[in-house]
Amino acid sequence: MATTAASNPSLAQKLRGLKGEVVKFGIVGLSGVVVNFALFWICINALGLASVRSNIVATVVAIATNYLGYRYWLYRDRDAAARKREITLFLLFSGAGMLIETGVLGFSRYVLGLDTPFEQLAAKVVGLAVATVFRFISYRTWVFTVVPETAAEAEPAAEVVAQAELVLAAEEIRYAKAE
């Protein structure tokens, strides 16, 4: 069986595919960030909640909006057969991301004593950045998994490619003899 570029993509091809995924992840994530920061600001200023509580409320709502974007836009072609497993893992990793984000915010406020609105927003940005990297890796690795290709599906495709390569080789030989 012959190996082709289509069946064994190069590192450059893998990175190009990852680039598109990162951009889409960023678009969905940015919408979640807007929801998150808007609710965070409303909870602190309009409702008078403490920054850690405000962060938890805002992050929970953003998690819900992000799930819809990831499931139905970015990872719509991924395996959706085990939706209960997917949602459970999504909530688990999103919760871990929320703990990372809230931990940075709580550390800056209660340990470092940074509690002005600007300092709270800065701590939220740092926590969100760290949590975003964690979420991207965990979502693409464990939550929205690629539909596994069965051996029965892979074999006919490899066989067709091998036959096409043989036909092309025969045509090249016949073309070379004709010259």
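Look up a bit, the structure's there.
Numbers given for residues are sequential positions, taken from 1 along each chain in its written order. Residues qualify for local features only when their pLDDT is at least 70, as the model is predicted, and side-chain atom pairs are given and counted only at 80 or more; totals for whole chains, interfaces and linings, by contrast, use all residues. As a convention, hydrogens and water are excluded, and side-chain values are obtained from all of the structure's heavy atoms.

Caption draft 1: Focus on the overall build of the chain. Of the regular secondary structure elements, the chain holds five helices and zero strands. A run of H or I in DSSP counts as a helix once it spans at least four residues, and a run of E counts as a strand once it spans at least two, with each numbered from the N terminus. Ordering the α and β elements of the chain from the N terminus gives α-α-α-α-α. Buried residues in the chain amount to 28% of all 179 residues. In this analysis, two residues are considered to be in contact whenever any of their non-hydrogen atoms come within 4.5 Å of each other. The contacts in the chain between residues at least 6 apart in sequence include a share of 75% that link residues at least 24 apart. Method for areas: the Shrake-Rupley scheme with a 1.4 Å probe, in which residue coverage is limited to the protein chains shown. A total of about 11200 Å² of accessible surface is found on the chain, and carbon and sulfur atoms cover 70% of it. Only protein chains enter the calculation, and the probe is 1.4 Å; a residue is then buried if its accessible area is under 20% of its type maximum, exposed if over 50%, and partly exposed in between.

Caption draft 2: Region of interest: a nonpolar patch on the surface. Each patch is built from salt-bridge-free residues with over 30% relative accessible area, joining like charges within 9 Å and nonpolar side chains (Val, Leu, Ile, Met, Phe, Trp, Tyr) within 5 Å. We define a salt bridge as a contact between a side-chain nitrogen of Lys or Arg and a carboxyl oxygen of Asp or Glu at a distance within 4 Å. Together, Ile 42, Leu 47, Leu 49, Val 57 and Val 61 make up an exposed nonpolar region whose accessible area comes to about 390 Å². Among the secondary structure elements, Val 61 is positioned in helix α2 (residues 51–74). Classification of Val 61 as partly exposed rests on a relative accessible area of 34%.

Caption draft 3: Expanded view of the nonpolar core. We define the nonpolar core as a collection of buried residues of types Ala, Val, Leu, Ile, Met, Phe, Trp, Tyr and Cys that are connected through side-chain atoms lying within 4.5 Å of one another. Counting residues in each nonpolar core, the largest one holds 13 residues, and the members touching the most others are Phe 25, Tyr 70, Tyr 75, Phe 90, Tyr 139, Val 143 and Phe 144. If you list the elements that add at least two residues to this core, you get α1 (11–45), α2, α3 (83–111) and α4 (117–143). It is α2 that contributes the most residues to this core, four residues altogether. Counting residues in hydrophobic clusters, the runner-up holds five residues, among them Phe 40, Ile 44, Ala 58 and Leu 105.

Caption draft 4: Region of the structure containing the pattern of salt bridges. In the structure shown here, the tally under the stated rule is three salt bridges. A salt bridge links Arg 71 to Glu 86, with the nearest nitrogen and oxygen atoms 2.3 Å apart. Placement of Arg 71 in helix α2 and of Glu 86 in helix α3 is noted, with a sequence separation of 15 residues between them. Here the two residues Arg 71 and Glu 86 agree in accessibility, since each one is buried. The partner of Lys 124 in a salt bridge is Glu 101, with the nearest N and O atoms 2.5 Å apart. Of the two residues, Lys 124 sits in helix α4 while Glu 101 sits in helix α3, which places them 23 residues apart along the sequence.

So far we have only geometry, and geometry alone does not tell us how the molecule works.
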